[in-house]
Structure formats: structure tokens, C-alpha cells
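# Survey of secondary and tertiary structure
Below, each chain spelled out in residue letters.
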Amino acid sequence: SGGGLYYCHATDSLIAENAIESGGYCYGGGVYHGMLNGCTVAGNSIVNYGYCPGVYYAAATNTVVWTNSVNGYFNYTQASFDSSESVWMSDDPGFRSPADGLWTLAVGSGAIDAGCTDAVVNELDLAGNERVQNEIVDIGCYEGTDERACLVGRVRGHGFISAPYAYADAAT
């Protein structure tokens, strides 16, 4: 049990892509007992038999628990908490690119500015960004950003501009 953390305390931490494979019954593919504050528990798994692939019996605050699996069943959000406040696990939190291991929050994520600011411990998040932006902490180990891309270009005739490519039909 506890593929990522076993009886530990974690703050502003990413507990991701851990796996437990056992002939017996396992608990907490990401975390087994402990305290979590400002963490992201994602992409963890239990192979064979298990319960609560993300978190089993922990106190959690400002923590995302998402896309953990048991026997290949993803988005298995079953978890067991001793106590919790501002825990995100019922809807997709809007990670940028979990398939590529990017567990940061994308623009428009519902976990941005949704946490409990009074529970913040560190001034910086896991990436070194200011932990509280817009006066409210984000849920998870990374503080979201308001970064946006602006594409500027000119197409003569028929064509389009689209990240990361621009195409123009040379015939017109």
C-alpha cells in the first residue's frame, strides 16, 4: 500500500504515476495515510486488487485527486479521507496534458482560485511560482496562470493561421 507516500506529510507536492502491483489487496496507489496540503495526486494505479487508487485515509487540504486507476479503470475517484477541505476529485480539474506528465492547471480550470487560502504553508508552489495569485490559492501543487497565446499573422487569399502552423494556399 502507498505507492507514492506511506504514512507521510506532504506540502505542495506532486504524487504522480506510481503503481502498486501485489498478489494481495492494496490501498492508496498514491497515498496511504498521511496529511496533504496543496498537493496533486494523479496518474497513480493499483494493479490486481485494490481500493482507493489515489488516496486512502489521509487529511487533505487544497489537493487534487484525479485520474488514478484500479485494474485499468481510470478516473477512479474513490478515496478515503480522515478530514478534507478544498479537495478536488469529482470533475476533471483541467490539467494541461496528463498524457505528457504535465499536471499543471490549464487556463479555465475550475480548480483555479478555488482553494482555502488560510491553509497555505509555503510562499511558492512546486514550480517556484507565487503560491497565492488573485488573492485565492489554487487547488493542487501548481498555481495556475492566466497565460494566453495570441496568434498574429497575415494570409493573402485563402488560408488560415492556427497554432502551431500557418497555411496559405499559394494558388490564390
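Residues numbered from 1 in each chain as written. Predicted model: local features only at pLDDT ≥ 70, side-chain atom pairs only at ≥ 80, totals over all residues. Heavy atoms only, no water.

Moving on: the overall build of the protein chain. Each helix and strand in the protein chain was counted, giving 0 helices and 15 strands. For the protein chain, buried positions account for 40% of its 172 residues. Sequence separation of at least 24 residues holds for 56% of the intrachain contacts in the protein chain that already meet a minimum separation of 6. A total of about 9300 Å² of accessible surface is found on the protein chain, and carbon and sulfur atoms cover 48% of it. (Helix = DSSP H or I, 4+ residues; strand = E, 2+ residues; numbered from the N terminus. Buried < 20%, exposed > 50% of the residue type's maximum accessible area, 1.4 Å probe, protein only. Contact = heavy atoms within 4.5 Å. Areas by Shrake-Rupley, 256 points an atom, 1.4 Å probe, with all protein chains shown as cover.)

Take the pairing of strand 7 (residues 55–66) next. Of all 12 residues that make up strand 7, 11 are buried, and the element is covered over most of its length. Bridge analysis of strand 4 (residues 31–37) against strand 7 gives 6 bridges, and the strand direction is parallel. Note that in strand 7 the partner of Val31 across the bridge is Val55. (Pairing = 2+ DSSP bridges.)

Keep in mind that low pLDDT regions are not for reading the predicted coordinates in detail. The pLDDT averaged across the protein chain works out to 79; a share of 73% of its residues lies at or above 70. This model gives residues 164–172 a pLDDT under 50, and the stretch forms 12 contacts once residues within four places in sequence are excluded. (pLDDT = per-residue confidence, 0-100.)

For the structure shown, the criterion picks out 2 salt bridges. Among the salt bridges present, the one from Arg131 reaches Asp12, with a minimum N-O distance of 3.0 Å. Highlighted residues: Arg131 in the loop between strand 11 (102–105) and strand 12 (132–133) and Asp12 in the loop between strand 1 (5–11) and strand 2 (14–16), separated in sequence by 119 residues. Asp12 carries the same exposure label as Arg131, and that label is buried. Close ionic contact of Glu143 with Arg131 constitutes a salt bridge, the shortest N to O distance being 3.0 Å. (Salt bridge = Lys/Arg side-chain N within 4 Å of Asp/Glu carboxyl O.)

Okay, the environment of Trp88 next. Tracing the chain through its elements places Trp88 in strand 9 (residues 80–88). Of the residues examined, Trp88 reaches a relative accessible area of 18% and is grouped as buried. A sequence separation of 48 residues divides Trp88 from Thr40, and the C-alpha atoms of the two residues are 9.4 Å apart. Excluding residues within four positions of it along the chain, Trp88 makes contact with Thr63, Val64, Val65, Pro93, Gly110, Ala111 and Ile139.

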